[in-house]
Amino acid sequence: MATSSSSARTPRTDPLTLEVVELIGTVVARYYEEYEEAAAEHALTGAQARVLGLLSLEPMPMRRIAQKLKCEPSNITGIVDRLEARGLVERRPDAADRRVKLAAPTAEGVEVARGLRESLNFAREPLAELSREERLALRGLLRRMLGEEI
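Residues numbered from 1 in each chain as written. Predicted model: local features only at pLDDT ≥ 70, side-chain atom pairs only at ≥ 80, totals over all residues. Heavy atoms only, no water.

A. Summary view of the overall build of the protein. The helix and strand inventory of the protein stands at eight helices and two strands. Put simply, the protein runs from its N terminus to its C terminus through helices and strands in the order α-α-α-α-α-β-β-α-α-α. Against the compact-globule benchmark of 15 Å for 150 residues, the protein has a radius of gyration of 19 Å, which places it well outside the compact range. With the C-alpha coordinates of the protein rotated into their principal frame, the extents come out at 55 × 35 × 25 Å. Every one of the 150 residues in the protein was classed for burial, and the buried ones make up 25%. Side-chain charges in the protein split into 23 positive and 24 negative, and the spacing between the mean points of these groups amounts to 7 Å. (Helix = DSSP H or I, 4+ residues; strand = E, 2+ residues; numbered from the N terminus. Rg over C-alpha atoms; globule rule 2.2 N^0.38 Å. Buried < 20%, exposed > 50% of the residue type's maximum accessible area, 1.4 Å probe, protein only. Lys, Arg positive; Asp, Glu negative; His and termini not counted. Charge placed at Lys NZ, Arg CZ, Asp CG, Glu CD.)

The following block contains the structure:
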């Protein structure tokens, strides 16, 4: 069935779409609630935990952290300062451009990030109830919703 370009831009307000939006909101809220609880167990704020988790994947400059977390670079500087004071993150020169400073997790920071990931059961446990095919389908749908290539 073809849709006109004007109807493609009209927000869907049918009951099914509204229910799906509500369910997505509930999943996101539960995830953030559990993330905040896991962070608190490590005496971190949710924002600090998110930055540490991101850095545990790869060191990066503050500006890139801010882009990934969709916030101001000045906020990231304060978060990294506090993580650095705790010995979880360090600043180091970028080997590719010595003018750029990278934030990178220390060995302790990597361990704390691992502990955070392991304590997040909310998404992992329900996803385990889905078959591999269902998880692949869900991943594909979420990527499509985000406009990513599949």
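B. Spotlight on the packing of aromatic side chains. Counted according to the given criterion, the structure contains two aromatic pairs. Residues Tyr31 and Tyr32 carry aromatic rings whose centres are separated by 5.6 Å and whose planes lie at 75° to one another, so their mutual orientation is edge-to-face. Residue class for Tyr31 comes out partly exposed when judged on its relative accessible area of 33%. Taken together, the ring pairs connect Tyr31, Tyr32 and Tyr35 into an aromatic cluster. (Phe/Tyr/Trp six-rings, centres within 6.5 Å; stacked < 30°, edge-to-face > 60°.)

C. Highlighting the pairing of strand β2 (residues 101-105). By the criterion of burial, β2 is predominantly enclosed, with four of the five residues buried. Examined bridge by bridge, strand β1 (residues 89-93) and β2 share five bridges and lie antiparallel to one another. Residue pairing in the sheet places Glu90 in a bridge with Ala104 of β2. (Pairing = 2+ DSSP bridges.)

D. A look at a nonpolar patch on the surface. A surface patch of nonpolar side chains, amounting to about 980 Å² of accessible area, comprises Leu16, Val20, Ile24, Val28, Tyr31, Tyr32, Leu127, Leu138, Leu142, Met145 and Leu146. At the level of secondary structure, the elements contributing two or more residues to the nonpolar patch comprise α2 (15-41) and α8 (132-145). With respect to the helices and strands, Val20 occurs in helix α2. (Patch = residues over 30% accessible without salt bridge, like charges linked within 9 Å, V, L, I, M, F, W, Y side chains within 5 Å. Areas by Shrake-Rupley, 256 points an atom, 1.4 Å probe, with all protein chains shown as cover. Salt bridge = Lys/Arg side-chain N within 4 Å of Asp/Glu carboxyl O.)

E. Structural detail: the side chain of Glu34. As for its position among the elements, Glu34 is in helix α2. When neighbours within four sequence positions are excluded, Glu34 is seen to be in contact with Ser119, Leu120, Asn121 and Phe122. (Contact = heavy atoms within 4.5 Å.)

F. Region of interest: the nonpolar core. Judged by nonpolar contacts, the single largest core of 24 residues is most densely connected at Leu44, Val51, Leu52, Ile65, Ile76 and Leu83. Counting only elements with at least two residues in this core, the list comes to α2, α3 (46-57), α4 (62-69), α5 (73-85) and α6 (107-119). Among the elements that line this core, the one with the most residues is α3, at five residues. When neighbours within four sequence positions are excluded, Leu44 is seen to be in contact with Ala39, Ala49, Leu52, Leu83, Arg86, Leu88, Val112 and Leu116. (Core = buried A, V, L, I, M, F, W, Y, C linked by side-chain atoms within 4.5 Å.)

G. Broad picture of the environment of Leu102. When you line up the elements, Leu102 lands in strand β2. Between the C-alpha atom of Leu102 and that of Ile79, which follows or precedes it by 23 residues, the distance is 14 Å. Residues within four places of Leu102 in sequence aside, it is in contact with Pro59, Met60, Pro61, Glu90, Arg91, Arg92 and Asp94.

H. View of the pattern of salt bridges. Counted by the stated rule, this structure contains eight salt bridges. Across the salt bridge formed by Arg64 and Glu58, the nearest N and O atoms sit 2.8 Å from each other. Residue classification places Arg64 among the partly exposed positions, given a relative accessible area of 30%. Exposure remark for Glu58: the relative accessible area of 34% places this residue in the partly exposed category. If you follow the salt bridges from partner to partner, you end up with Asp81, Glu84 and Arg91 in one network.

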